[in-house]
Amino acid sequence: MKEKTSYSSMDHRTLIERTTNEIVKIIQDKKYQPGDKLPNEYELGGMLGVSRNTVREALRALASNNVIEIRQGAGTFISEKMGVPDDPLGFSMIKDKNKLTRDLLQLRCVIEPPIAALAAQNATPQEIANLEVALLEVEGQIAQHTRFAEKDRNFHTQIARCSGNLVVSNLIPIISEGVTVFSTVVSRQEFEQTLKSHRSIFEAIRDRRPVEAEQAMLFHLLYNMNRFHLGN
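Residues numbered from 1 in each chain as written. Predicted model: local features only at pLDDT ≥ 70, side-chain atom pairs only at ≥ 80, totals over all residues. Heavy atoms only, no water.

A. Broad picture of the pairing of strand E2 (residues 75–78). Note that strand E1 (residues 68–71) and E2 share four bridges and pair antiparallel. If you follow Glu69 over to E2, its bridge partner there is Phe77. Adjacent in sequence and paired antiparallel, E1 and E2 are bridged by three residues, among which Gly73 carries a positive phi angle near 85 degrees. (Pairing = 2+ DSSP bridges. Helix = DSSP H or I, 4+ residues; strand = E, 2+ residues; numbered from the N terminus.)

See the structure below:
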């Protein structure tokens, strides 16, 4: 009978990789969502039969891949980025930011309006509640007349989650990086129209009106495209 290999005799790297994969399986099996807190290192070690040091290294690997976020003094949480790399399309290496902004706006006009329609059809009550939170965060920044690109990106990302499409949920955070690029190219903030547009998009999704949601999103993006052309 072949002897069962113990953790103590396994290659260290293999042990870390195995522990990393098992933590991912726990995340999947328990259906953890962005912002959910994971068990602590001691608890994970007990669940997986490995030391706290092994768990710690596995968590660091997951954090480097944007699967989790380690907050000092608070614990370990599922990352909002859900394993999506920070710059998978290499936007940071593109020198011509004007063309990048224009191309991203064109792409967003193609894909985001139908996504808003899907959100109006498929969003769960909890997802709509989360979308309202994202909306209120944008509105809070607008009320203070401060830059709101990050909150704006979160709002569009939450709409993607409301769509019920797993691919879209991972794609939009990448495409919505255009929000950040746009804010650096177009220096003048548009508070009033953004406020109205976001509210219209949210209300159409909340009230299950897919056609209106699609139209509101398209208007929002075309308005931004016009601002970009006027500023360049």
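Still more ground to cover, so stick around.
B. View of the confidence of the model for the protein. For the protein, per-residue confidence averages 85 on the pLDDT scale, and 88% of positions sit at 70 or higher. Mean pLDDT per element in the protein: helix H8 (residues 177–185) is the minimum at 60, and helix H5 (residues 125–143) is the maximum at 94. Within the model, the stretch residues 1–7 combines pLDDT values under 50 with seven contacts to residues more than four positions away or in other chains. (pLDDT = per-residue confidence, 0-100. Contact = heavy atoms within 4.5 Å.)

C. Broad picture of the layout of surface pockets. Computed from the structure, the largest pocket encloses a volume of approximately 1,600 Å³. Pro34, Glu80, Lys81, Met82 and Arg161 are the residues nearest the centre of the largest pocket, which is lined by 49 residues in total. When residues of the lining of the largest pocket are traced back to their parent elements, those giving at least two are helix H1 (12–29), E1, helix H4 (97–122), H5, helix H6 (149–162), helix H7 (166–175) and H8. Take the lining of the largest pocket: its biggest share by element is seven residues, from H6. (1 Å grid on protein atoms, 1.4 Å probe; cavity = no way out; pocket = protein on both sides within 12 Å on 5 of 7 lines; lining within 4 Å. Points joined across faces, edges and corners; volume = space filled by probe spheres on them.)

D. Molecular detail of the packing of H1 against helix H2 (residues 41–48). It is the contact of H1 with H2, at a shortest axis distance of 11 Å, that shows an interaxial angle of 100 degrees. The angle between the axes of H1 and H2 places the two elements in the roughly perpendicular class. Taken together, the residues of H2 that come into contact with H1 (itself represented by Thr19, Glu22, Ile23 and Ile26) are Leu44, Met47 and Leu48. The residue makeup of the contact of H1 with H2, split by class, is five nonpolar, one polar and one charged. (Axes fitted to C-alpha atoms, helices over the stretch in contact; angles between N-to-C directions. Parallel < 35°, antiparallel > 145°, perpendicular 65-115°, else oblique. Nonpolar A, V, L, I, M, F, W, Y, C, P; charged D, E, K, R; others polar.)

E. Spatial organisation of the packing of aromatic side chains. One pass over the full model with this rule turns up one aromatic pair. Just above the ring of Phe77 sits the side chain of Arg71; from NZ or CZ to the centre is 4.0 Å. (Phe/Tyr/Trp six-rings, centres within 6.5 Å; stacked < 30°, edge-to-face > 60°. Lys NZ or Arg CZ within 6 Å of the ring centre and 35° of its normal.)

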